[in-house]
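These are the residues of each chain, in order.
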Amino acid sequence: GDSVTQKQGQVTLSEDDFLFINCTYSTTTYPTLLWYVQYLGQGPQLLLKVTTANNKGISRGFEATYDKGTTSFHLQKASVQESDSAVYFCALVTSNMGYKLTFGTGTSLLVDP
Amino acid sequence: GPKVLQIPSHQIIDMGQMVTLNCDPVSNHLYFYWYKQILGQQMEFLVNFYNGKVMEKSKLFKDQFSVERPDGSYFTLKIQPTALEDSAVYFCASSLLGETLYFGSGTRLTVL
């Protein structure tokens, strides 16, 4: 079945560090992949989205590239800020009886000032 | 971006009681969803709803759960009766075409 795997449960960085969050997926269809960010006490917010038509998404300094060969959709940012501290979810659009999102387990990012 | 409103933000009820969680989705959206999240963990799909009907529900969507959107107003999740394991944060989401979901801020349900 369709699934998303995030192996990193927690990442701790200092400001201006490089961010890399791993995400791999499994699906039998052409995927639409998304990254959501969830700040404390809020619902998830769409960060970026990638389809097979455009294999790279960029938003707010974050970028993710869809790699069909490795079935990966890693999230990167060159220089993190304290305000980036949040939980990041990788998600896969799946379609059975209508669309839904299948989420990864999330990666909690803590950026020390 | 588009706003999904959830009322109330926190609800505390006794086990066995009925609870209704309300969601005001984005006005022109066509697809509606409920997700469950325990202790800031994974977002787990419960149900999606389109054109007045449940399209798909997960194994977490127990028989005690029901959803409806009467007369195009609030999209509701009703749990009757509630159980201790229903304690979680419930997120409503809506989507225009079904791929990009916009989430509310959630309702924290505490079942005592």
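Residues numbered from 1 in each chain as written. Chains lettered and ligands numbered in written order. Predicted model: local features only at pLDDT ≥ 70, side-chain atom pairs only at ≥ 80, totals over all residues. Heavy atoms only, no water.

## Points about the interface of chain B and chain A
Where we set the bar: Whether two residues are in contact is decided by their heavy atoms, any of which lying within 4.5 Å being enough. When two components associate, each loses some accessible surface as probed by a 1.4 Å sphere; the sum of these losses over both components is called the buried area. One side-chain nitrogen of Lys or Arg within 4 Å of one carboxyl oxygen of Asp or Glu is enough to make a salt bridge. Residues adjacent in sequence count toward polar contacts only when both atoms are side-chain atoms; beyond that, a polar contact is any pair of N or O atoms within 3.5 Å, and within protein one must be able to donate a hydrogen and the other to accept it. Per the convention used, a helix needs a DSSP run of H or I reaching at least four residues, while a strand needs a run of E reaching at least two, with both numbered from the N terminus. When residues are grouped by polarity, Ala, Val, Leu, Ile, Met, Phe, Trp, Tyr, Cys and Pro land in nonpolar, Asp, Glu, Lys and Arg in charged, and all others, Gly among them, in polar.
The interface of chain B with chain A comprises 19 residues on the first partner and 21 residues on the second. Between chain B and chain A the total buried area reaches about 1,800 Å² when both faces are included, carbon and sulfur atoms providing 53% of it. Considering only the side of chain B, the residues that lose the most area to chain A are Gln42(B), Glu56(B) and Glu99(B), jointly responsible for 31% of the buried surface there. If you look at where chain B meets chain A, you find two salt bridges. The tally of links from chain B across to chain A stands at nine residue pairs in polar contact (both at pLDDT 80 or more). Only strand E4 (31-37), strand E5 (43-50) and strand E6 (53-57) of chain B provide two or more residues apiece to the side of chain B that touches chain A. Looking at the side of chain B that touches chain A residue by residue, the class counts come to nine nonpolar, eight polar and two charged.

## Concerning the state of the cysteines
Note the cut-off: For the purposes of this analysis, a disulfide is any pair of cysteine sulfur atoms at a distance within 2.5 Å. Burial status follows relative accessibility: with a 1.4 Å probe on protein chains alone, a residue under 20% of its type maximum counts as buried, one over 50% as exposed, and anything between as partly exposed.
Tallied over the full model, the rule gives two disulfides over all chains. At a sulfur-sulfur separation of 2.0 Å, the disulfide partner of Cys23(A) is Cys90(A). Of note, the bridge from Cys23(A) to Cys90(A) carries an S-S torsion of about -65° and is left-handed in sense. Residue Cys23(A) is found in the loop between strand E3 (19-21) and strand E4 (24-26), and its partner Cys90(A) is found in strand E10 (residues 86-96); the two are separated by 67 residues along the sequence. Assessed through its relative accessible area of 0%, Cys23(A) is described here as buried. What makes Cys90(A) buried here is its relative accessible area of 0%. In this model, Cys23(B) is linked to Cys92(B) through a disulfide, with the two sulfur atoms separated by 1.9 Å. Taking the sign of the S-S torsion, -65° for the link of Cys23(B) and Cys92(B), the bridge is left-handed. Residue Cys23(B) is located in strand E3 (residues 19-24), and its partner Cys92(B) is located in strand E9 (residues 88-95); the two are separated by 69 residues in the primary sequence. Comparing Cys23(B) with Cys92(B) shows no difference in burial state: the two are buried.

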